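One letter stands for each residue in the lines below.
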Amino acid sequence: MGADANDSFDIAIVGGGMVGASLAVALKGLQVRVALIEAVPHDAASQPSFDERTTALSNGSRCILETLGVWPAVAAAATPIAKIHVSDQGHFGFARIDAAEQGLRALGYVVANRALGAALWSTLADQGDLRVYCPARVSRLTAGEQAVEIGVAEASGAETLIRARLVVAADGVESAVRAAFGVSAAVRDYDQTAVITTVLPRNFHQHVAYERFTANGPLALLPQNDGRCTLVLTLQRSMAESAMRWSDEEFLAEVQRRFGFRLGRFLKVGRRVAYPLALTRASRTSAGRCAIIGNAAQGLHPVAGMGFNLGLRDVACLAELVAEHLALHPGNPELRDFGASGLLSAYDAWRAADRGEIIAFTDGLVRLFANPLRAVQRLRNLGLLAFDLLPPAKAALSSLSTGAAGRIPKLARGVALGAPL
Ligand SMILES: Cc1cc2nc3c(=O)[nH]c(=O)nc-3n(C[C@H](O)[C@H](O)[C@H](O)COP(=O)(O)OP(=O)(O)OC[C@H]3O[C@@H](n4cnc5c(N)ncnc54)[C@H](O)[C@@H]3O)c2cc1C
């Protein structure tokens, strides 16, 4: 079976989760023929990206989503973070970051992944240049010199063959597309599992997000609009397996022991879901006619809440390079080749520093706070205190989390793609 002209695309995005769907939105209106292939509908209970988690969005991500026109729908479901409080259980150091001190409206926003999915996918529904294959999986990939042939297996059992000049791997940490292009990924298993749930504290959270490091791993509480908090409790894997079986009372007692009474007594807990944690790092961010983005490029520990924020910057950079390439070939689709090696090496070069810094920062944080040695403990407490006292350190963290290092993509500066600047 061969692909006809109707099945030929400029770009095929494999994976319509948080990052792949964001890229489809970013390419909207550029007059690029895009295919989006997603295995599970965004509102299905089994959707692995738009699931029960909440995501902390940085200000950089807010700006990107604003420029893409998705922010009003996201903001309607989002809770602003006014302060972040970082502490280390049993030790004296702690750090506070305050939005007002930094001259910001908020340090970030907490949004339910399902709400993010609804906001992104409702924008995709009315897109002329986009063909959505969902539910459908990529069954095979054959890389040719001019294009890649992609077998798309739909839920009905039918298989369609499509062609694309560029394939984007947005299919998550286990990316089959990345593997099909021969790109390996190094995995560091942290032997930790994040147990995610919602808790209701007696006291209102006042829009403060808490990050507390404990001997067994970090605990984060993120504010929600209704006074509840998302709890991300990271535990050694064997302990997490037990924690999933504890009664609600036992579970809340353990959370209370680790977190203390800053928010009063925890009154209620929701359903618990477990996520085993690892650092997965692809050896490269492109190969052949494939660009690798989001978790397919790097899957991070959620300790600093940076995975999606980083993936969204992959999107902003790649979409900008696509727009630049289009501007070089106005009105002649035959000359456009979004899988050209020049475009992909520009993508690799642009992403290298931001990606390297965030991976090193996140991995360093996990390892620093997992180290039981006294000297390290003392250092990390002094570090937290110094961090609290030194505004430049806070500003540096703020810029790291918003991706303000290096060349900032247009979308993160509020400039629409296609606009001069
Ligand atoms: C517990 C936890 C908390 C987190 N909290 C935060 C946070 O606060 N802030 C933050 O920035 N990040 C956070 N993250 C990270 C964030 O969730 C990820 O960075 C994000 O999910 C990456 O999105 P993605 O689209 O790249 O991959 P995924 O979310 O894995 O989505 C991949 C998509 O591809 C589809 N797919 C897979 N294979 C195929 C195929 N063969 N064919 C078609 N479709 C396919 C899947 O169905 C899925 O929809 C957290 C992660 C965890 C585990």
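Rules of the game
- Residues numbered from 1 in each chain as written.
- Predicted model: local features only at pLDDT ≥ 70, side-chain atom pairs only at ≥ 80, totals over all residues.
- Heavy atoms only, no water.
- Helix = DSSP H or I, 4+ residues; strand = E, 2+ residues; numbered from the N terminus.
- Buried < 20%, exposed > 50% of the residue type's maximum accessible area, 1.4 Å probe, protein only.
- Contact = heavy atoms within 4.5 Å.
- Areas by Shrake-Rupley, 256 points an atom, 1.4 Å probe, with all protein chains shown as cover.
- Axes fitted to C-alpha atoms, helices over the stretch in contact; angles between N-to-C directions.
- Parallel < 35°, antiparallel > 145°, perpendicular 65-115°, else oblique.
- Left-handed = near helix turned anticlockwise from the far one by under 90°.
- Nonpolar A, V, L, I, M, F, W, Y, C, P; charged D, E, K, R; others polar.
- Core = buried A, V, L, I, M, F, W, Y, C linked by side-chain atoms within 4.5 Å.
- Expected span 1.5 Å × (residues − 1).
- Near = heavy atom within 4 Å.
- Polar contact = N/O pair within 3.5 Å; in protein donor to acceptor, adjacent residues only side chain to side chain.
- Pairing = 2+ DSSP bridges.

Digging into the overall build of the protein chain
In terms of helices and strands, the protein chain carries 11 helices and 20 strands. Relative to its 421 residues, the protein chain shows a buried fraction of 54%. Considering only intrachain contacts with a sequence separation of at least 6, the fraction spanning at least 24 residues in the protein chain is 72%. When the accessible surface of the protein chain is totalled, it reaches about 17700 Å², and 55% of it is carbon and sulfur.

As for the packing of helix α1 (residues 18-26) against helix α4 (residues 113-124)
Close contact between α1 and α4 brings their axes to 9 Å; oriented N to C, the two are set at 30°. With respect to each other, α1 and α4 are oriented roughly parallel. Every pair of crossing elements has a handedness; the one defined by α1 and α4 is left-handed. Touching M18, A21, S22, A24 and V25 of α1 are N113, L116, L120, W121, T123 and L124, all from α4. Taken together, the residues that form the contact of α1 with α4 break down as 8 nonpolar, 3 polar and no charged.

Observations regarding the nonpolar core
One finds I11, I13, L23, L27, V74 and I293 to be the most contacted residues of the largest nonpolar core, which totals 56 residues. A per-element tally of this core places helix α8 (residues 307-328) first, with 11 residues. Contacts of I13, omitting those with residues within four sequence positions, involve G20, L23, A24, L27, V34, A35, L36, I37, V168 and A170. Formed by 23 residues, the second largest nonpolar core is a distinct cluster that contains A12, Y133, V167 and V183.

Points about helix α7 (residues 248-259)
When the terminal C-alpha atoms of α7 are compared, their 16 Å separation across 12 residues agrees well with the 16 Å that a helix rising 1.5 Å per residue should span. When we look at burial in α7, the residues that qualify are F251, L252, E254, V255, Q256, R258 and F259. Where α7 is buried, its residues meet β12 (185-201), β13 (208-214), β14 (217-223), β15 (229-236), α6 (237-243) and β16 (266-269). In the segment just after α7, G260 is the residue with positive phi, at about 85°.

Description of the site of the ligand
Residues in close proximity to the ligand total 29 residues, the closest being E38, S49, A56, N295 and F308. In the model, a nitrogen atom of the ligand is placed 3.2 Å from a nitrogen or oxygen of the A39 main chain. Between an oxygen atom of the ligand and a side-chain N or O atom of R53, the distance comes to 3.2 Å. Summarising the interface, the protein chains cover 90% of the accessible area of the ligand, which totals 1000 Å² for the free molecule. Breaking the shell around the ligand down by element, the ones donating at least two residues are α1, β3 (54-58), β9 (136-143) and α8. Partitioning the shell around the ligand into residue classes produces 14 nonpolar, 11 polar and 4 charged.

Quick word on unusual backbone geometry
Residue C134 is joined to P135 through a cis peptide bond whose omega torsion reads 0°. A positive phi angle, close to 55°, is found at D191, a residue other than glycine. Along the chain, D191 turns up in strand β12. Despite not being glycine, H207 shows a phi value in the positive range, around 65°.

A look at the sheet that holds β3
Read from one edge to the other, the open sheet built from 3 strands follows the order β3-β7-β4, with strand pairing classed as antiparallel. Two strands bound the open sheet, and with one partner strand each, they are β3 and β4 (79-81). Taking each pair of neighbouring strands and ignoring which way they run, the sheet shows an average axis angle of 30°. For β3 and strand β7 (residues 108-112), the ladder comprises 5 bridges, and the chain directions are antiparallel. Residue pairing across strands places T54 opposite A112, the latter belonging to β7. In this fold helix α2 (residues 59-67) packs onto β3 and β7, with an angle of close to 90° to the strand it touches most, β3.

Observations regarding the side chain of D363
With respect to the helices and strands, D363 occurs in helix α9 (residues 341-370). Those residues in contact with D363, other than ones at most four positions away along the chain, are R188, Y190 and L279.

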